[in-house]
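Tertiary structure, described
For reference, the chains in residue letters:
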Amino acid sequence: MTPEAEPEVEAVEAPVEVPAEEVVEAPAEAPAEESEQPATGLARTGVLPRGKAKRQSKRATVQPGVASDSALTVRGLRKSFGGVVAVDDIDLDVPAGTFYGFVGPNGAGKTTTLAMMTGLLRPDAGTVMVHGVDVWRNAGVAKRALGVLPDNLRLFDRLTGAEFLHHAGALRGLDHDTIRLRVEDLADAFGLKHSLDRLVSDYSAGMVKKVGLAAALIHSPRVLVLDEPFESVDPVSANAVIGTLKKYAAAGGTVLLSSHSMGLIERTCDSVAIIAEGRILAAGPMADVLQGDSLENRFVELAGGATAVAGMEWLQSYSD
Amino acid sequence: MVAELLRLKLRLLVNAFRSPRAVVWAVIGFVLAAVLVAALWVGASLAAHLDATTLRRVVVIVGAMVSLAAFFLPVLVVRSHLIHPQTLRLFAMRPLGIIAAMLFTTLVGPILLLIPVALVPVQLWDGSARDVAWGAVPLIVLEGILAARLGALVGARLRRMPVLSGIARLLAVLLLLAGIAVIVAHVAPTVAELLPGKWWRSVLPVVLLLAPLRHPAIADTITTLPVGAFWRMPAHAEMGEWALVRQDLALGVAAVVVLFVLWAGSVRFLLRATRGVPRERVARVPGWFRRFAPTPTGAVAARSFTYWARDPRYRTALVVLPLIPVVMLLSMWIAGIPWELAVLLPLPAVVLLIGWSTLHNDVAYDSTAVWVHVSAGIRGVDDRIGRMLPVLAIGVPVVLGGSVLVAWLHGDWSILPALLGVCSALLLGGIGVSSISSATAPYPATRPGDAPFQQPQVPGSSGGGTQSGSLIAILLVASPAIAAAVLYLLGGDTFWSWTALVAGVAAGGVMLVAGLRGGGLAFDRRAPELLAFTTRH
């Protein structure tokens, strides 16, 4: 959600287009409860519908008022499926306002980790904090700050695109006018405009990704966790989406996205974590992780892909 | 212009005979029609042998069948518009002009056959009745033209709906055959008398077989229908019942007006612009979401309503419901259970299924899409209420209307409270129990997009435990109301009937609230596990 895209709504409710440094002053205008939550970007009030503002902000006081620089903090996260360890003691810090990449080979535990970070899969051990709020202890508050796009899970695909986005908006308690405006903006931005009245089940794989992404953005969350958001999305749309996400991150929002396209991650992200066999091999700002090499080479080096290439001599002598 | 249009119609009709096969069919059709008209004229000469009552009945029944056939034969035969109303748009005609032109051009065509048929009854009457009969002829023809136009529209529309078209054609054929059978049944005894004596041995069984169709109720029902009104006028005139003649006229004219409005409205609909001028998509709240507040409950409810209306898995449940009473009543009739008792049973069964059939495993129906609810962190109670609302919206009218209907069929109104009590307990209790079972004990369901009756291809539990467990729990909730209702039926004491109402509503209400709360808590606690369950299946 680009802040500029909906002046009518935001102008009344909260100052959004302020640069990140000035945002600290924004809470002064907001209700007292709000000031406990430092606005790291999209002002919190922008998310709240007018009618619901009071109730939700009351709930928000439950949140420990930690002004944390870390949008996502993961400690000791662990998950095993029937004796097979999928995620093994992962620690991760995603600073607020970063565009964070999460790369790893197939079956490395990316999807499992992201699902546990977003409250979709219960971990065996460990904690996940979103802006200082525990996702598993204080799910209601933490989930409001999260926008999620999982991989390989269905959408409610008997709804039309417009209905699905309204469903997502209404679940988050946005009012009809806000939802309508945002659906229009998102559809414009992601090229869904002409498909909004078709059933999601008739969408192509890339369109499903895009409508899911739009649904993740509709409540302008502080943190976006996207699992393979660009898989089967055409390059033009992917560029439009990346542009939107970059603007969002520049305004203080945090994006964590997984991909196995190294080039894309290297071009777009400013920090990266490499995961293999359930462990984080390297994590940090892009330059630190790369150490002058390309991400692809670093990845192969760290994940030990070179050994696999060495074997299979039989493939070099043809059998006919 | 008129001559132009008539020439066009004639040319179109003649062009239809350009292939040899069409000629063959046309000849067969023409011969059949000629035989039919001739048969009617010959039949009219038999009138002298019929007694006055039978004569009146036969005339009206045959007339009503002819008027019905004017509608149903085009439904059966017509597969496309000979002159589509929109083609007349090219002549810069206004809609009303097009409607007039279509009526007019209809006169040149098969409907011409209606004129000799409408003239048949004239010879049967004398005096003032004959004048009335002459007056009825143009009205009958007008009604026939309108009915034929409407039938042609329906026939052309049905071409795009093969299944519905098959059903409609079957019904039309059955109806026409039934009409012919009733006519034959009425004429048969008279015809049999006219036949030579040695044929009686073979004719008599037929006459006896058809005897039930001569039941006065059948003839009376058919003769009171509006389709027979114009045919009935001379008969009433002959009896000197002029008030009835006026009533027939009013009824017939009303039927003509209704036919005209229906047909003209349909033509107007066909004349609408089929493609709008391209313009910016209007941003508005789509579908069911407009009718619900933008809250989590409203979102879940709007989504559920949309699925009930759109998803075949839910719609199948709705389609099966009306069949249940039919099957149950039929089997109980065969088993010899008395009607007063048998009629009480289907409604509770239907209500039980409404509350239970899809709701008790609703989360599994979402499949993995339930992540949307989990990641939005909505409260379990909101989710439960949203899913319940469509079921309540279907169930409450069924309970109220169904109870009144069943009490009326049962014949004793004092059973109404007991019926309401039992059905409320089953509906509310069913929703309550289902709200818990779908959050605590889901089992693999048909996946979205699969055929409704397809079994899910997964190993392990097929949900037998959940199904039987939830059904037993619902029956337990309803058991006080059922017990009181049985006591009422045994003793006839209205006290027990009212007790059943109170017990049913109370037990159902408590279960509903407990189910929504308990199911909500279970959803809150187990949401990730539910999602994990759906990803496994």
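Residues numbered from 1 in each chain as written. Chains lettered and ligands numbered in written order. Predicted model: local features only at pLDDT ≥ 70, side-chain atom pairs only at ≥ 80, totals over all residues. Heavy atoms only, no water.

**Section: the sheet that holds strand β7 (residues 223-227) of chain A**
Residue and element names in this part refer to chain A. The criterion, for reference: Pairing between strands is defined by DSSP: at least two bridges between the two strands are required. Helix numbering and strand numbering both begin at the N terminus, where a helix is a DSSP run of H or I of at least 4 residues and a strand a DSSP run of E of at least 2. Working convention: axes come from line fits to C-alpha atoms, limited for helices to the stretch in contact. Angles between N-to-C directions cover 0 to 180 degrees. The contact rule is simple, with two residues in contact once any of their heavy atoms fall within 4.5 Å.
Ordered by their spatial adjacency, six strands build an open sheet running β6-β7-β8-β3-β9-β10, and the pairing between neighbours is mixed. In the strand order of this sheet, the two ends are held by β6 (146-149) and β10 (279-285), each with one partner. Strand after strand, the sheet turns through a mean of 15° between neighbouring axes, direction not considered. Lying on the sheet, helix α11 (residues 295-303) is in contact with β3 (99-103), β9 (271-276) and β10; it crosses β9 at an angle near 30°.

**Digging into the confidence of the model for chain B**
Here is the rule: Confidence of the predictor at the level of single residues is given by pLDDT, which spans 0 to 100.
On average, residues of chain B carry a pLDDT of 86, and 96% of them reach 70 or more. Here the predicted complex carries an ipTM of 0.77, next to a pTM of 0.64.

**Brief notes about the pairing of β10 of chain A**
Residues and elements named next belong to chain A. Across six bridges, β9 lies against β10 in antiparallel orientation. The partner of Ile275 across the bridge, within β10, is Ile280. Where β9 hands over to β10, the hairpin turn is made up of two residues, of which Glu277 adopts a positive phi near 50°.

**Notes on the side chain of His186 of chain B**
Residues and elements named next belong to chain B. Our working rule: Here a polar contact is recorded for every N or O atom pair within 3.5 Å, except that within protein the pair must consist of a potential hydrogen donor and a potential acceptor, and residues adjacent in sequence are included only if both atoms are side-chain atoms.
With respect to the element layout, His186 can be found in helix α8 (residues 162-194). At 2.9 Å, the side chain of His186 forms a polar contact with the backbone oxygen of Val182. His186 has contacts with Thr54, Arg57, Val58, Ile61, Leu213, Arg214 and Ala219, leaving out every residue within four places of it along the chain.

**Describing unusual backbone geometry**
Residue and element names in this part refer to chain A. With phi around 50°, His131 is a residue other than glycine that occupies positive phi space. Of note, His131 is situated in the loop between β4 (125-130) and β5 (133-134). For Asn152, which is not glycine, the phi torsion reads 65° and is therefore positive. Relative to the helices and strands, Asn152 resides in the loop between β6 and α5 (161-171).

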